[in-house]
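# Architecture at a glance
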Amino acid sequence: MKNKQLIVVGGGLLLFVALFFFGKTVASKNNKTNTPDHNDHSEASVINTPDLLKKAKERLSATQVQYLNALENSVVRGDVKEQQLHVFHQLARYWKDSAKVFEPYAYYTAEAAKLDNSEKSLTFAAQLFIDNLFDEGNPAMQTWLANNGKDLLEKALIINPTNDSSKIGLGACFILGNISDQPMQGILPVKAIADKNPNNLYAQWVLGLGGKKSGQLDKAVERFSIIIKKEPNNMGAILHLAECFDMKGDKKEAIKWYEIVKNFIPNPEAKKEIQERINLLNSSTK
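Everything in this summary refers to the structure shown in the same document.

### Digging into the layout of surface pockets
- Considered as a void within the structure, the second largest pocket measures approximately 220 Å³ in volume.
- Lining the second largest pocket, in full, are I175, M184, I187, K191, L207, G210, G211, S214, Q216, K219, E222 and R223.
- If you list the elements that add at least two residues to the lining of the second largest pocket, you get α9 (184-196), α10 (201-214) and α11 (217-230).
- No other element matches α10, which puts four residues into the lining of the second largest pocket.

Laid out in structure tokens, this is it:
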């Protein structure tokens, strides 16, 4: 099997297993339940936030849309910061808890954070976008998530320029979000943090994902291996490590790590999916 095919197979397996194993829901920071159709966007398309919000509303009942429109109009009419902040929080909570759609929830959380303009609120909102950027496979959605995360983290770094986590998150936006034709702009600050403190597993994670995305698989393997050495039960790192070996054509190591993942996963469907991949790799070695 050629590398391009391996990337497609491996990436699909990783996302499939992640959904079952990690149980993502809108209530968690990694939420993507009930999202607007990402497949509506081609690789070359650009996601426009007003259009995205409009598409999200199309999934709701007339009563829900009426309620949301009333809240949105109250933001426009409100001339007091506290009133606007309250409405943004209401909108975010409604999309999260009642509508269960991630993108509008993250967007209105971000709008509230910009209005509040505290480091805590800005970094919290940014992390919503970045956590989903780590798992997103659609290039247009990657860019939308990265641009939103970048905007928030740049504001947070003005408040606290020494926050390494904010620097790493900003680097992730450049490395994974297709927002720059100079990925080193994102890699170098993150690498500097990892070199200074190899135990910063957030930096190792971002560099591992960046290496995997750019095809620098040996570097990605090195980063994910560092994480697993510190956190032997880190399923995300193990899944990515298995995929990297799969993409490299190292079937023996890929099988080894897929087996480890399979033993941790309780969901029968996800376990079956991994076993099928193991069987395919085994059969191709004969």
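### What to know about α11
- Here α11 contains 14 residues, and its C-alpha end-to-end distance of 20 Å stays within 8% of the 20 Å for a straight helix at 1.5 Å per residue.
- Where α11 is concerned, the buried positions are L217, A220, V221, R223, F224, I227 and I228. Summarising the axial view, the buried residues of α11 lie within an arc of 165°, below the 170-degree limit, and thus occupy one face. Those residues of α11 that are exposed and aimed more than 90 degrees away from the buried face are D218 and K229.
- Structurally, α11 contributes buried residues whose contacts are with α9, α10, α12 (235-248) and α13 (251-264).

### Digging into the packing of aromatic side chains
- A full pass over the atoms with the stated rule returns eight aromatic pairs.
- Between the aromatic rings of F134 and Y202, the centroid separation amounts to 6.4 Å while the plane-to-plane angle is 80°, which identifies the pairing as edge-to-face. Remark: Y202 occurs in helix α10 and F134 occurs in helix α6 (residues 119-135); sequence separation between them is 68 residues. Here F134 and Y202 have matching classes, each one buried.
- Among the aromatic residues, those joined into a ring-pair cluster are F134, Y202, W205 and F224.

Thresholds, definitions, all that
- Residues numbered from 1 in each chain as written.
- Predicted model: local features only at pLDDT ≥ 70, side-chain atom pairs only at ≥ 80, totals over all residues.
- Heavy atoms only, no water.
- 1 Å grid on protein atoms, 1.4 Å probe; cavity = no way out; pocket = protein on both sides within 12 Å on 5 of 7 lines; lining within 4 Å.
- Points joined across faces, edges and corners; volume = space filled by probe spheres on them.
- Helix = DSSP H or I, 4+ residues; strand = E, 2+ residues; numbered from the N terminus.
- Expected span 1.5 Å × (residues − 1).
- Buried < 20%, exposed > 50% of the residue type's maximum accessible area, 1.4 Å probe, protein only.
- Arc of directions from axis to C-beta.
- Contact = heavy atoms within 4.5 Å.
- Phe/Tyr/Trp six-rings, centres within 6.5 Å; stacked < 30°, edge-to-face > 60°.

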